[in-house]
Amino acid sequence: MEAKKTETRADSISYRRGEKTVFVESLDDVWSVRYTESAKAAVHSALSAFGRVREIANQRLFVVELADDVRRDDLLQSLRQLLNEGAVEFFAPVLRDPASDLRQILTDEINVRFKEVPSDKHLKAVEKKYGVRVARQNEFVPSQFIVKAPQSKGLDTLEIASQLDAADDIEFAAPNFISEHRR
Amino acid sequence: MPYIYSADRQKIELTLSANDIGVRFESPEATPRAVRAARAALATEEMAPRGYDRVMLLHHPGASRTAFATVREALPSRLVREVRRTMPVFTETGSRLRVVATREITVRFKPKVTERQQNKALAALNLNKQRANDFNRRQYIVVPQSDIDETVILDLANSLAELDDVVEYAAPNFVSEHLKSATTNDPRLREQWHLNNRGGSGALNGEDVDALAAWDLTPGGSPNIVIAIVDDGVDIGHPDLKSNIWVNPDLNAPDRNGRNFYDNNFDPRPRYFNPPYDETQFNDIHGTPCAGVAAATGDNRLGVAGIAYRCKILAVKIFGADAIAPNDQVANSIRYSGLRADVISCSWSGAWNTDLEAAINDVTQTGRGGKGCLVFCATGNEYRSTVAFPARHPRALAVGASNDQGKRSAYSNYGQGLSFVAPSNDPDRSRQGIVTTDVKQRNRGYNLNGSYTNDFGGTSSATPLAAGIGGLALSVNPALTWQQARDLLQATADKIDAQGANYQNGYSLKYGYGRLNAHRAVAQAQTTIVRSSRKAKKAK
């Protein structure tokens, strides 16, 4: 994943994880977009007008890097329209971990481990309280779930993850980033 | 002054060692007790006393001039009383190996030489037959009729050899130091300097993990120990890997040989390739060399040997070419490995990941029936003074890299949290790369033309080497907890680069606890078995 521009906003963004605040930086000119399978071609076509588009197929993601002569607001307007049409599930700026200098793609997913295996009723209450939807249970840890922040855009996921992480019945909650690694 | 003797028509040159003596005891039982006592009294680690039958080889500055004083310094008086004599030690010029001169000469007479002719030849040199060889009727051990200085034995042996009308050969019957013999028949083992560094090409002899000596204790480890290679896939059909690939004993289980978290299936082989096909960042070519370093099949007359060449490899694929993966999948790959493997090798790093942090906690608590998996992670290759994540996780074993000269590889991240280093390449100083397995597909891999590469390296290579050493330790002592294994790996590491490392209380920010030593780690693990069983007996 090579960013054409790697400009960083001066004000870092953050989320809470336990006692610590995790700071990340936003690459404002690199955006991730999760498309719906049926609208893949249309979304690719729309995004191509704004810059270089790269696909991460197994995650149904496009990463778009804005061209020099394109305004960010024009891209965002197009993305909101695609979101409203149901062609994309979420979009968010690609983030960067300042410690490793590696990129992290924010998605609509939050990884939540409860202190005890929750009942269905408990899960429904969590869904209602935080406006999330339980997507799947962890295969190896019965008390752990991926929840989704529906119609996610911008940095919503970070905020919801911080709220969940602070809940008494939850061991941890953190954004389920799609992360760049170094081999 | 060099000493010369003849063997097989060759002149062998020896020099008298000023700092070594041989000590002969009255009984063979005294030798091991003497070796232990002398080791505690005066030996350095590199030149520890060694014993064979009734003879001990003792190293001490100036020992040849003050032989009996050295003996009295090294041994308690009850053992001094059992010393029959001290003997000179020579160093063979070619091999640098030490030999202890005894009063014995091995002689083989030519066929059809009568016993009378034999005895006449021996009598001419004042020699007597002491004993016949069990396997050759023409061969004897002969000794001088009178008490002589052992240095004269070389001259006597030469004189006997010159009687070539009756003597086929004659040579001093030294007690000899030998190189460790636990090698394998893998043809490229000699190139695997990280296992056995014999010097040359600017490398320094012995700057390795002491694999051959470790294999003396456990040849390649145990097939009951499984090492997970969590990476971009493992070429499970590679001829030098396939017999060591873990096979699920449960015939109904879908994970036959491992698992693919990237594509969410059970085929853990490399799958994604993009030009240029020898670049890590575009291709699934990284996991296969890692697997080879840890556990390529050894002693199979093929290619290379992994350090743990009899342990099994669990192939776990989490990346597809570009090394971008969801945090929960990466974490679950560790949890899956914790169900199947004893040791987990992660030659990669990423941003801090809550779920991965939890997963490492999980497998060190629940893996191996509660004893905990050993999780080895690369510190990273970014020339930084901070250790990357997950290597800096407090329950991970953070592995840095050292080169073939026993120095930290320039790129190897270091700092707080570094556990130890293991040998790897160092392109900044033009040091050698690591020879290991490569994806076998044509025109794919670090070496586009073959199934092996000599150009692997980074902390990516050091990490599976460390994981393999962990596998060897568990092979001889599966009862070790992950903390016990970590502690013994750290305690037995070699304190390399003593001048540059700045070890404080045995720890250096650049080298951690030092460079892993497989031999000492395995020996320590075996010792732990003895202690455990003694405790168990006492408890009963």
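Please read all numbers here as calculations on a predicted model, not as lab measurements.

Participant: Tell me about the overall build of chain A, residues and numbers included.
Facilitator: Looking only at helices and strands, chain A has four helices and twelve strands in total. Taking 183 residues into account, the globule formula puts the C-alpha radius of gyration at 16 Å, and chain A, at 17 Å, falls close to it. Dimensions of chain A along its principal axes, counting C-alpha atoms only, are 50 × 35 × 30 Å. Every one of the 183 residues in chain A was classed for burial, and the buried ones make up 41%. Across chain A, the fraction of contacts at a sequence separation of at least 24, relative to all contacts at a separation of at least 6, is 64%.

Participant: Give a description of the interface of chain B and chain A that names residues and reports values.
Facilitator: Contact with chain B, which involves 31 residues of that partner, is made by 27 residues of chain A. When residues of the side of chain B that touches chain A are traced back to their parent elements, those giving at least two are β15 (324-326), α8 (327-340), β17 (349-350) and α9 (354-366) of chain B. Here the side of chain B that touches chain A gets five residues from one element, more than from any other, and that element is α8 of chain B. Along the lines of polarity and charge, the residues of the side of chain B that touches chain A split into 13 nonpolar, twelve polar and six charged. In this structure, strand β12 (residues 178-182) of chain A lies alongside β15 of chain B, joined through three bridges in antiparallel fashion.

Participant: How would you explain α9 of chain B if you had to name every residue and give the values?
Facilitator: All names here are of chain B. For α9, spanning 13 residues, the distance from its first C-alpha to its last is 18 Å, which sits close to the expected 18 Å at 1.5 Å a residue. Along α9, the residues that are buried comprise Thr-354, Asp-355, Leu-356, Glu-357, Ala-359, Ile-360, Asp-362, Val-363 and Thr-364. After α9 finishes, the residue Arg-368 shows a positive phi value of roughly 50°.

Participant: A description of the packing of helix α7 (residues 287-295) of chain B against helix α10 (residues 459-476) of chain B should follow, citing residues and the corresponding values.
Facilitator: Residues and elements named next belong to chain B. Between α7 and α10, the least distance of the axes is 7 Å, while the angle of their chain directions is 35°. Considering how the two elements wind past one another, α7 and α10 form a crossing that is right-handed. Contacts from Cys-290, Val-293, Ala-294 and Ala-295 in α7 reach Ser-460, Ser-461, Pro-464, Leu-465, Ala-467 and Gly-468 in α10. By residue class, the composition of the contact of α7 with α10 is seven nonpolar, three polar and no charged.

Participant: Account for the packing of α8 of chain B against α9 of chain B, with residues named and values stated.
Facilitator: Residue and element names in this part refer to chain B. Where α8 contacts α9, the two axes come as close as 8 Å, and the packing angle between them is 5°. Looking at the two axes, α8 sits roughly parallel to α9. On α9, the residues that touch Asn-327, Asp-328, Val-330, Ala-331, Ile-334, Arg-335, Ser-337 and Gly-338 of α8 are Asp-355, Leu-356, Ala-358, Ala-359, Ile-360, Asp-362, Val-363 and Thr-366. Among the residues making up the contact of α8 with α9, the classes are represented as eight nonpolar, four polar and four charged.

Participant: Just give me the short version of the domain arrangement of chain B, but keep the residues and values in it.
Facilitator: All names here are of chain B. The domains assigned to chain B are domain 1 (3-100), domain 2 (105-176) and domain 3 (189-532). Each side of the interface is counted separately: domain 1 has 13 residues, and domain 2 has twelve residues. Residue assignment for the side of domain 1 that touches domain 2 shows that the elements contributing at least two residues are β1 (3-7), β5 (83-92) and β6 (98-100).

Participant: Could you give an account of the nonpolar core, naming the residues involved and the relevant values?
Facilitator: All names here are of chain B. Core analysis: the biggest nonpolar cluster contains 151 residues, and Ile-227, Ile-313 and Ala-473 have the highest contact counts within it. For this core, the element with the highest residue contribution is α10, accounting for nine residues. Among all residues touching Ile-227, those that are not within four sequence positions of it are Ala-294, Ala-295, Ala-308, Cys-311, Ile-313, Leu-314, Ala-341, Val-343, Ser-345, Ala-467, Gly-468 and Gly-471. Ranked by size, the runner-up nonpolar core spans 45 residues in total, among them Tyr-5, Ala-38, Ala-101 and Phe-174.

Participant: Tell me what's going on with the pairing of strand β12 (residues 226-231) of chain B, and back it up with residues and numbers.
Facilitator: Residue and element names in this part refer to chain B. Most of β12 is tucked away: six of the six residues are buried. Of the two faces of β12, the one lined by Val-226, Ala-228 and Val-230 and the one lined by Ile-227, Ile-229 and Asp-231 are each fully buried. In this structure, β12 lies alongside strand β14 (residues 312-317), joined through six bridges in parallel fashion. When the bridges of β14 are listed, Val-226 appears paired with Lys-312. Looking at chain direction, β12 and strand β16 (residues 343-346) are connected through four bridges and run parallel. Across the sheet, residue Ile-229 finds its bridge partner in β16, namely Ser-345.

Participant: So what's going on with the confidence of the model for chain A? Which residues, and what values?
Facilitator: Of the residues in chain A, 92% have a pLDDT of 70 or more, and the chain-wide mean is 90. In this model, residues 1-10 of chain A is a region of pLDDT below 50 whose contacts with residues beyond four sequence positions or in other chains number 23 contacts.

Participant: I'd like a description of the domain arrangement of chain A, backed by residues and values.
Facilitator: Splitting chain A by domain gives domain 1 (23-103) and domain 2 (109-179). In this structure, domain 1 of chain A and domain 2 of chain A have C-alpha centres spaced 23 Å apart.

Participant: If you had to explain the sheet that holds strand β18 (residues 374-378) of chain B to someone new, which residues and values would you point to?
Facilitator: All names here are of chain B. Strand order in the open sheet formed by seven strands is β13-β14-β12-β16-β18-β19-β20, with parallel pairing between adjacent strands. Every interior strand has two partners, whereas the edge strands, β13 (258-260) and β20 (418-423), have only one. Across the sheet, the mean angle from the axis of one strand to that of its neighbour is 25°, orientation sign disregarded. Pairing of β16 with β18, which is carried by four bridges, proceeds in the parallel orientation. Paired with Val-343 across the two strands is Leu-374, which belongs to β18.

Participant: Can you lay out the sheet that holds strand β7 (residues 105-109) of chain B for me, pointing to particular residues and giving the numbers?
Facilitator: All names here are of chain B. Spatial strand order, β8-β9-β7-β10: four strands in an open sheet with antiparallel pairing. Sheet topology places β8 (127-132) and β10 (167-172) at the edges, where each strand pairs with a single neighbour. Adjacent strand axes in the sheet meet at a mean angle of 30°, parallel and antiparallel pairs treated alike. Contacts from helix α4 (residues 115-124) reach β7, β8, β9 (139-144) and β10, with the element oriented near 130° to β8.

Participant: Quick one: what's the story with the environment of Thr-106 of chain B, residue by residue and with numbers?
Facilitator: All names here are of chain B. With respect to the helices and strands, Thr-106 occurs in strand β7. A sequence separation of 48 residues divides Thr-106 from Leu-154, and the C-alpha atoms of the two residues are 11 Å apart. Not counting residues within four places of it along the chain, the set of residues in contact with Thr-106 comprises Gln-139, Ile-141, Ala-170, Ala-171 and Asn-173.

Participant: An account of unusual backbone geometry is needed here, citing residue identities and associated values.
Facilitator: Residues and elements named next belong to chain B. The residue after Pro-275, namely Pro-276, is reached through a cis peptide bond having omega -5°. Position of Pro-276 relative to the elements: it lies in the loop between β13 and α7. Of note, the amide linkage connecting Phe-389 to Pro-390 takes the cis form, showing an omega dihedral of 10°. With respect to the helices, strands and loops of the structure, Pro-390 is situated in the loop between β18 and β19 (397-402).

Participant: Account for the environment of Ser-222 of chain B, naming residues and giving values.
Facilitator: Secondary-structure assignment places Ser-222 of chain B in the loop between α6 (211-217) and β12. Separated by 253 residues in the primary sequence, Ser-222 of chain B and Ser-475 of chain B have C-alpha atoms spaced 5.0 Å apart.

Each value, and the rule that gives it
Along each chain, the written sequence defines residue order, and numbers are assigned to residues from 1. By the order in which they are written, chains take letters starting at A while ligands take numbers starting at 1. Reporting in this predicted model follows two pLDDT cut-offs: at least 70 for local features of residues, and 80 or more for side-chain atom pairs to be given and counted; totals over whole chains, interfaces and linings ignore these cut-offs and use all residues. Here a helix means four or more residues in a row that DSSP labels H or I, a strand means two or more in a row labelled E, and each is numbered from the N terminus. Computation of the radius of gyration draws on C-alpha atoms alone. For the globule rule, the value is 2.2 Å times the number of residues to the power 0.38. A residue is called partly exposed when the number of other C-beta atoms within 10 Å of its own lies between 12 and 20, exposed at 12 or fewer, and buried at 20 or more, with C-beta atoms placed from the backbone. Working definition of a contact: two residues with C-beta atoms, positioned from the backbone, lying within 7 Å. All residues other than Ala, Val, Leu, Ile, Met, Phe, Trp, Tyr, Cys, Pro, Asp, Glu, Lys and Arg, Gly among them, are scored as polar; the first ten of these are nonpolar and the last four charged. By this definition, two strands are paired if DSSP reports at least two bridges between them. In a helix, the anticipated span is given by 1.5 Å times the number of residues less one. Axis definition: a line fitted to C-alpha atoms, over the contacting stretch in the case of helices. Angles run 0 to 180 degrees between N-to-C directions. Rotating anticlockwise by less than a right angle from the far helix to the near helix defines a left-handed crossing, while the corresponding clockwise rotation defines a right-handed one. By definition in this entry, angles of less than 35 degrees are roughly parallel, angles greater than 145 are roughly antiparallel, angles of 65 to 115 are roughly perpendicular, and the rest are oblique. Boundaries of every domain are those given by an automatic assignment or by a domain database. Each nonpolar core reported here comprises buried Ala, Val, Leu, Ile, Met, Phe, Trp, Tyr and Cys residues connected via C-beta atoms within 7 Å. A residue's pLDDT is the predictor's confidence in that residue, given on a scale from 0 to 100.

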